[in-house]
Amino acid sequence: MKGQKSQVPMDFQPHLVQEVVRQFARWWQLHQQRMELARLSDAALHDIGMSRVDILQEVERPFWDDPLKK
């Protein structure tokens, strides 16, 4: 409103905001990595010891399913 000063609530905790941003960034990273795996050729998958079935299972995991729990 006009004449009112914007105030940050006393219980505002910037570290919580940072944690939420960090978690979203990790989920985006997981999504990107899974999409990169899906684009690998069968020969490349063979080189890293994975099959197309392994990759399809990984790609179908929900974005929040973090195998490293980062």
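Because the structure is predicted, anything quoted here is derived from the model rather than measured.

Chemist: Is there a simple way to think about the overall build of the protein chain in this case?
Modeler: Of regular secondary structure, the protein chain possesses three helices and zero strands. Starting at the N terminus and walking to the C terminus, you meet the elements of the protein chain as α-α-α. Counting the 70 residues in the protein chain, one finds 10% classified as buried.

Chemist: Is there a simple way to explain the pattern of salt bridges in this structure?
Modeler: Pairing is possible between side chains of opposite charge, provided their charged atoms come close. Applying the stated rule across the entire model yields six salt bridges. A salt bridge links Glu58 to Arg34; the shortest N-O distance between them is 2.8 Å. With a gap of 24 residues between them, Glu58 in helix H3 (residues 52-59) and Arg34 in helix H1 (residues 14-39) connect regions that are remote in the sequence. One exposure class covers both Glu58 and Arg34, and it is buried. Residues joined in a network through salt bridges with shared partners are Arg34, Glu58, Arg61 and Asp65.

Definitions and cut-offs
Each chain carries its own residue numbering, running from 1 in the written order of its sequence. Selection of residues for local features in this predicted model requires a pLDDT of at least 70, selection of side-chain atom pairs for listing and counting requires 80 or more, and totals for whole chains, interfaces and linings are taken over all residues. Neither water nor hydrogens contribute to the side-chain values; these are computed over all heavy atoms in the structure. Strands are runs of DSSP state E lasting at least two residues, helices are runs of H or I lasting at least four, and both sets are numbered from the N terminus onward. Only protein chains enter the accessibility calculation, which uses a 1.4 Å probe. A residue is then buried if its area is under 20% of the maximum for its type, exposed if over 50%, and partly exposed in between. Only one rule defines a salt bridge in this text: a Lys or Arg side-chain nitrogen within 4 Å of an Asp or Glu carboxyl oxygen.

Geometry only, nothing functional implied.
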